[in-house]
Amino acid sequence: SYLLCVCPIGGHVAPILTVARHLVSAGHRVRMLTGSRYAPAVSATGAEFVALPEEADFDDRNVDESFPERHRHKGIAALRYDILQVFIAPARYQHRALQQLLAAEPADAVLSDFAFAGMLPSLLSGEPRPPLIILGVLPLTLTSVDTAPYGLGLPPSASPLGRVRNRTLNALVQRVVL
């Protein structure tokens, strides 16, 4: 029995639908917790769809409508707003839904999208739980002296000048953007 938890954004849901389809075809019981707009796609895999609570659900096709304050932010402030409102703020509601599902029917493992922040409290609590497996549907976002921050599109550079560039940009992203 598997419980898949996915942030309700198409680029996160689509790859995990493939995982769900594979697990179902192998004969496993699969439940998938994600946004309500993905109910038909989840059901088409043979997995059981479970809707995120309203506080954590939104339609990613119109993020501005789902987050009416979003238009007030520009540049770095807009990026911060999105990270907080789209990914961090729903975490407590995602976590509660995850806990309720596991209490109602235990799972052998929970497979979670990297951006599904609701699994973090379970990872940090130290309480008994099924294995939590993070599914990497995004490129690896670790920092390094040999690479610029994720998302800038700059090629890696381990040259002395490249490392100065990387340290400077990584510090800027960590201290200003994030």
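Just above, that's the structure.
These lines cover the structure that appears in this document, whether it is placed above or below. (Residues numbered from 1 in each chain as written. Predicted model: local features only at pLDDT ≥ 70, side-chain atom pairs only at ≥ 80, totals over all residues. Heavy atoms only, no water.)

**Details of helix α7 (residues 160–177)**
The α-helix winds at 3.6 residues per turn, so residues separated by three or four positions along the chain end up facing the same way. Counted at 1.5 Å a residue, the expected span for α7 with its 18 residues is 26 Å, and the 25 Å between its end C-alpha atoms agrees. Buried within α7 are the following residues: G162, N166, N170, V173 and V177. Along the long axis of α7, the arc covered by the buried residues comes to 90 degrees, so they all point the same way. The outward face of α7, more than 90 degrees from its buried face, is lined by the exposed residues P160, L161, T168 and R175. Contact partners of the buried residues in α7: α4 (75–88). (Helix = DSSP H or I, 4+ residues; strand = E, 2+ residues; numbered from the N terminus. Expected span 1.5 Å × (residues − 1). Buried < 20%, exposed > 50% of the residue type's maximum accessible area, 1.4 Å probe, protein only. Arc of directions from axis to C-beta. Contact = heavy atoms within 4.5 Å.)

**Brief notes about the state of the cysteines**
For the coordinates displayed, the defined rule picks out 0 disulfides. A disulfide-free cysteine, C5 has its sulfur positioned 12 Å from the sulfur of C7, the nearest such atom. Of the residues examined, C5 reaches a relative accessible area of 0% and is grouped as buried. With relative accessibility at 1%, the residue C7 sits in the buried group. (Disulfide = S-S within 2.5 Å.)

**Some remarks on the packing of aromatic side chains**
Summed over the entire model, instances satisfying the criterion amount to 1 aromatic pair. Centre to centre, the rings of F58 and F67 are 5.2 Å apart; their planes meet at 65 degrees, and the pair counts as edge-to-face. Both residues of the pair, F58 and F67, belong to the buried class. (Phe/Tyr/Trp six-rings, centres within 6.5 Å; stacked < 30°, edge-to-face > 60°.)

**Things to note about the sheet that holds strand β2 (residues 30–34)**
As summarised here, the arrangement of the 5 strands in space is β3-β2-β1-β4-β5, forming an open sheet in which the pairing is parallel. The strands lining the two open edges of the sheet, one partner per strand, are β3 (48–51) and β5 (132–135). Taking each pair of neighbouring strands and ignoring which way they run, the sheet shows an average axis angle of 25 degrees. Sheet analysis places strand β1 (residues 2–5) next to strand β4 (residues 109–113), joined by 4 bridges and oriented parallel. In the sheet register, Y2 faces β4, and the bridge partner there is A109. (Pairing = 2+ DSSP bridges. Axes fitted to C-alpha atoms, helices over the stretch in contact; angles between N-to-C directions.)

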